[in-house]
Amino acid sequence: MSAIIGAKKIRAVFDLIRLKKQYGTLLVLWPTLWSLFIAADGTPSLKHLTIFILGAFLMRSAGCAINDVADRNFDARVERTRARPVASGVLSVKEAFFVFLCLSALAFALVLFLNTLTVLLSFIGIILAGIYPLVKRFSSFPQTALGMAFGWGAIMAWAAVKGTVGAVPLLIFAANICWAMAYDTIYALMDIEDDLKIGVKSTAIFFGAGVYKALTALYAGFIALLAAAGLMSNIGVVYYITLVAAFIATIKIVSSIKKNPSRENAFMGFLANAVIGGVILAA
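Here the structure is a predicted model, which is why all the values come from computation and not from measurement. Residues take numbers from 1 onward in each chain, read along the sequence in its written order. Local features in this predicted model are restricted to residues whose pLDDT is 70 or higher, and side-chain atom pairs enter the listing and the counts only when it is 80 or higher, whereas totals over whole chains, interfaces and linings include all residues. Processing note: side-chain calculations cover all non-hydrogen atoms of the structure and skip hydrogens and water entirely.

1. With respect to the overall build of the protein
Consideration 1: Counting secondary structure elements, the protein contains 14 helices and zero strands.
Consideration 2: Sequence-ordered secondary structure for the protein, helices as α and strands as β, is α-α-α-α-α-α-α-α-α-α-α-α-α-α.
Consideration 3: Its C-alpha radius of gyration of 19 Å places the protein within 12% of the 19 Å reference for a compact globule of 283 residues.
Consideration 4: The principal-axis extents of the C-alpha atoms in the protein amount to approximately 60 × 50 × 30 Å.
Consideration 5: Burial status across the protein gives 51% buried among its 283 residues.
Consideration 6: Considering only residue pairs separated by 6 or more positions, the protein has 75% of its internal contacts joining residues 24 or more positions apart.
Consideration 7: Seen as two clouds, the 24 positive and the 13 negative side-chain charges of the protein have centres 2 Å apart. The helix count covers DSSP runs of H or I at least four residues long, the strand count covers runs of E at least two residues long, and both are numbered beginning at the N terminus. Radius of gyration means the value over C-alpha atoms here, while the globule rule gives 2.2 Å times the residue count to the 0.38 power. Here the term buried applies to any residue with accessible area under 20% of the maximum for its type, exposed to any over 50%, and partly exposed to those in between, with areas from a 1.4 Å probe on protein chains only. Should any heavy atoms of two residues lie within 4.5 Å, those residues are counted as being in contact. For the purpose of charge, His is not counted, nor are the chain termini; Lys and Arg are scored as positive and Asp and Glu as negative. Positions of charges follow a simple convention, taking NZ of Lys, CZ of Arg, CG of Asp or CD of Glu.

Here it is in structure tokens:
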């Protein structure tokens, strides 16, 4: 019996950190690697690659855990999230919070192999990860907080290589805020009816009928800021051609969701962003 309970708890922890759904990790990883590759002139060290790839996985997993603790009462009232481990009672709040602490500690242990500035910046990253789940209670812009949390790795990666923070990582950080606001607004469209009933705030609700115009503007800001970062870094023409292609792809995503605003189509549009981020890294 204890073995069965133990296996059930392990599966619940895997569900808590979305082990089978790693698109979130990619969305954390891409801006980090954009910054890392530019800072290292295209050839980052194996040490930096290992630390930041593992760190992205650990911090995204930790973010999922603390998000489910904070949102357990909301999740239980939303169709898409009511089966989550904490909301359903399979994991207790203490158990989920313990998972968050363990993952955060592992991520911090990785950072200790980097320079002092990066270690200091990591504390801001932890704060951002912890604050994000609470923002939807008092602000219509939790997607902005998500962009800050997901984009902070770009600042840390640059600091790890250069030992300082410059304009380029700040531009990437700002670009990621625009990008995250766009793709997470699309994600929020899936829950908009439930969110309105339970009082959860989001940019999807805030933008209302103008949501598709807002998405287009956010994607335009995302591409423009990445282009500015590229200009400051003397990146070749392939990069800018790819950015134009990426912008066209995002416009098609917005157009598709506008024509068919179903939950399934919105989710597919959201997922496409994880591919776009990888293509930009390749460029």
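2. Some points on the layout of surface pockets
Consideration 1: As defined here, a cavity is a set of points on a 1 Å grid over the protein atoms alone where a 1.4 Å probe fits but cannot get out. A pocket is an open set with protein on both sides within 12 Å along at least five of seven lines, and residues line them when an atom is within 4 Å of a point. Grid points are joined across faces, edges and corners, and a volume is the space filled by probe spheres set on the points. Put simply, the second largest pocket is a space of about 280 Å³.
Consideration 2: As for the second largest pocket, its lining consists of 15 residues, and the residues nearest its centre are Trp-34, Phe-37, Ile-38, Ile-235 and Tyr-239.
Consideration 3: Only helix H2 (23-39), helix H12 (211-233) and helix H14 (263-282) provide two or more residues apiece to the lining of the second largest pocket.
Consideration 4: The element that contributes the greatest number of residues to the lining of the second largest pocket is H2, accounting for four residues.
Consideration 5: Under the convention adopted here, Pro, Cys and the residues Ala, Val, Leu, Ile, Met, Phe, Trp and Tyr are nonpolar, Asp, Glu, Lys and Arg are charged, and Gly plus all remaining residues are polar. By residue class, the composition of the lining of the second largest pocket is 12 nonpolar, two polar and one charged.

3. A closer look at the packing of H2 against H14
Consideration 1: All axes here are fitted lines through C-alpha atoms, helices being fitted over the stretch that makes contact, and every angle between N-to-C directions spans 0 to 180 degrees. It is the contact of H2 with H14, at a shortest axis distance of 9 Å, that shows an interaxial angle of 25°. Between H2 and H14, the angle falls in the class roughly parallel. Note that H2 runs across H14; the crossing there is left-handed. From H2, Tyr-23, Leu-26, Leu-27, Trp-30, Leu-33, Trp-34 and Phe-37 reach across to H14, where they touch Phe-267, Phe-270, Leu-271, Asn-273, Ala-274, Gly-277, Gly-278, Ile-280 and Leu-281.
Consideration 2: Of the residues that constitute the contact of H2 with H14, the class distribution is 13 nonpolar, three polar and no charged. Roughly parallel here means an angle under 35 degrees, roughly antiparallel means over 145, roughly perpendicular means 65 to 115, and every remaining angle is called oblique. Put simply, a crossing is left-handed when the front helix is turned counterclockwise from the back one by less than a right angle, and right-handed when it is turned clockwise.

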